[in-house]
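These are the residues of each chain, in order.
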Amino acid sequence: MSEQTLSNLSREERRFEPPADLAANANVTEEAYARADEDREAFWAAAADRLDWGQRWDQVLDWSNPPFAKWFVGGTLNAAVNCVDRHVDAGNGDKVALHWVGEPDDDTRDITYSQLKDEVSRAANALTELGVQKGDRVAIYMPMIPEVVVAMLACARLGAPHTVVFGGFSADALASRITDCEAHVVITSDGGYRRGAASALKPAVDEAVEKTGDLVRNVLVVRRTGQDVDWHEGRDVWWHDAVDNASPDHEAEMHDSEHPLYVMYTSGTTGKPKGILHTTGGYLTGTSFTHWEVFDLKPETDVYWCTADVGWVTGHSYMVYGPLANGATQVMYEGTPEKGRWWQIVQDYKVTIFYTAPTAIRTFMKQGREIPDGYDMSSLRLLGSVGEPINPEAYVWYREVIGGDRCPVVDTWWQTETGQIMISPLPGVTAGKPGSAMKALPGVVADVVDDEARSVGNGNGGYLVLKEPWPAMLRTLWGDDQRFKDTYWSRWEGLYFAGDGAKLDEDGDVWLLGRVDDVMNVSGHRLSTTEIESALVSHPKVAEAAVVGAADETTGQAVCAFVILRESAGDGGPDIVEELRKHVQKEIGAIAKPRQIMVVPELPKTRSGKIMRRLLKDVAEHREVGDVTTLADSTVMDLIKDKEGSAP
Ligand code: WTA
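This structure is a prediction, so every number in the text was calculated from the model and none was measured.

Caption draft 1: Looking closely at the overall build of the protein chain. Scanning the protein chain from N- to C-terminus turns up 21 helices and 30 strands. Overall, the C-alpha framework of the protein chain stretches about 75 × 65 × 55 Å when taken along its three principal axes. When contacts within the protein chain are restricted to residue pairs at least 6 apart in sequence, those whose partners lie at least 24 apart make up 71%. For the protein chain, the exposed area adds up to about 24,600 Å²; of that, 46% sits on carbon and sulfur atoms.

In structure tokens form, the structure reads like this:
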């Protein structure tokens, strides 16, 4: 975002006060900020007390060895018991946990907390039968079907950290994650439904398992579409054989508060994805509390729906762990946003709280308000946004068209690493400003600083940092403590650097400005420029590649690549662009496929050989190219622009 847009943005004058009835009955009120400031640890301890513990903790926070935090030291709990069993024990077994909506129109299932408890227990027994023990890692590669929730909770129950890999990732990406966390078991399905058709998942698993040598012992397969699958006798096991026949009784062990709950891989600034490690007590405290706080959840009456895929952190924190720990009733939808289908679901299930990403909102805006206007969405009372900055126009459209001008919008800033929402309005307290994520939540200490780590103060921009540990923070990168320190804690002593630029407006409210590193945000998904560059360079015809995220009206950013071909490849042939796009899809997945690839004779580099992506971004965004004086050869940009002029 340019300085120009930035100052325009924070001159946004519209304000939306919280609805009076919501404010009067809000779960969290203004006093929480002061209470947390006074004693942060006591504040989080009270949040942890909302959970069921086997053994209560002796110490709230151990920060004696920063940046390695321990929360609720000495406490024990079981995440699955907190998400499922305790609601049944409290007499809410008949309450619907999941209103699952399959992609084929008439395919729906309601699953109560009792049913979920039985399923999770069965799956835990089945996994035990397959040799999964506490501490073992289990990879999960599944569509949005109830079994994926069951699988995650069964792992949590056993204390076997799961690593869920988004179903849109390629076999290669899956293989590298299985290898990195040494998973011996993979849970998948034959396929899933996408845009009305069955698409296969199992072949990618077969290919990935093949690539990982003899690491994977078993593949547990849910039959979802019924399509043909290759079967590896002795390795592959049908879910309906193993799980359906297992006992629904399972004695859950209480795990240490710091026992690993899961690893989620996310793109960083280098080619190798980072395995973000979350542990049990702090993570469950942070996610369940913020879910109750920010969405003002009333578990008895609300119907909550988070549209995120379970393959991303939002699906983990705000579809699985947070809402289920709170005993929420929620919608889970197998498909992707299609014209009226989402609004039909809101109408049918009387959804009250809805959480989605700006990219979806912008898509719906483009399609026109006639579509949502055709549905009764009067049940909605609160709307949330996550994944990227929401432009004021999209915010106002969301509020007016989807929220009938009565629902507050909570723009929630957080990351895979933070585990929980960090910056957001409180719906019963904050007068919302379209485009601003507003303030750090109670108990969270954030700031915007300059290069020397000095607070920039109101009215200025800089880098977003977190100054104090929080319960759901990542504990390390899987198997790489040094990289954890280097990535997040090395820029300034004692500060967690999030990688985002931000500005404080005159009131001190936070405006997020996007990444300041080589991470792109495409449709709310994080992609690494380096990772895509590596994928391109791994193609035999490519000598060098540079990737930038260019502004895109719908997806926020789009992947634009500049490549230099090897001499032996000549001009690459007529289909070179398509060939390279497909190659990236194969290496990483369809989400990483460049929107645009330009074959160029040179790349702009500084004298020390660093590619100046800023200049390429100017080209990709059709702007006047900026300052070229630090280039080793300042004529390079002319060559590239000439190419652009002749591009098809
Ligand atoms: C961006 C997703 C502005 C940000 C939960 C962050 C946002 C990255 C917002 C994390 C928001 C997320 N406003 N930017 N409300 N929410 N981001 O790890 O750049 O997939 O660093 O976690 O998304 O993406 P991740």
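Caption draft 2: Spatial organisation of the site of the ligand. Neighbouring the ligand are 17 residues, the closest being Asp411, Thr412, Thr416, Asp500 and Arg526. With respect to the ligand, the side chain of Thr416 contributes an N or O atom lying 2.5 Å from an oxygen atom. In isolation the ligand exposes 520 Å². Once the protein is present, 97% of that is buried. Taken together, the elements giving at least two residues each to the shell around the ligand come down to helix H12 (313–325), strand S20 (409–412) and strand S25 (510–515). The residue inventory of the shell around the ligand, partitioned by class, reads six nonpolar, six polar and five charged.

Caption draft 3: Geometry of the UniProt feature "binding site: CoA" (unreviewed entry) in the protein chain. In the UniProt entry, the feature "binding site: CoA" (unreviewed entry) is given for Arg194, Arg195, Gly196, Ala197, Thr314 and Ser523. On the basis of their most widely separated C-alpha atoms, the annotated residues across 330 residues do not gather in one place, lying as much as 25.6 Å apart. Among the structural elements, Gly196 can be located in the loop between strand S9 (191–194) and strand S10 (197–200). A relative accessible area of 64% places Gly196 in the exposed class. Checked against the element boundaries, Thr314 lands in helix H12. Residue classification places Thr314 among the buried residues on the basis of a relative accessible area of 12%. Setting aside its immediate chain neighbours within four residues, Thr314 contacts Cys306, Ala308, Met319, Tyr355, Val386 and Trp414.

About the criteria used
- Residues numbered from 1 in each chain as written.
- Predicted model: local features only at pLDDT ≥ 70, side-chain atom pairs only at ≥ 80, totals over all residues.
- Heavy atoms only, no water.
- Helix = DSSP H or I, 4+ residues; strand = E, 2+ residues; numbered from the N terminus.
- Contact = heavy atoms within 4.5 Å.
- Areas by Shrake-Rupley, 256 points an atom, 1.4 Å probe, with all protein chains shown as cover.
- Near = heavy atom within 4 Å.
- Polar contact = N/O pair within 3.5 Å; in protein donor to acceptor, adjacent residues only side chain to side chain.
- Nonpolar A, V, L, I, M, F, W, Y, C, P; charged D, E, K, R; others polar.
- UniProt positions renumbered as here; feature names shortened; annotations may be inferred.
- Buried < 20%, exposed > 50% of the residue type's maximum accessible area, 1.4 Å probe, protein only.

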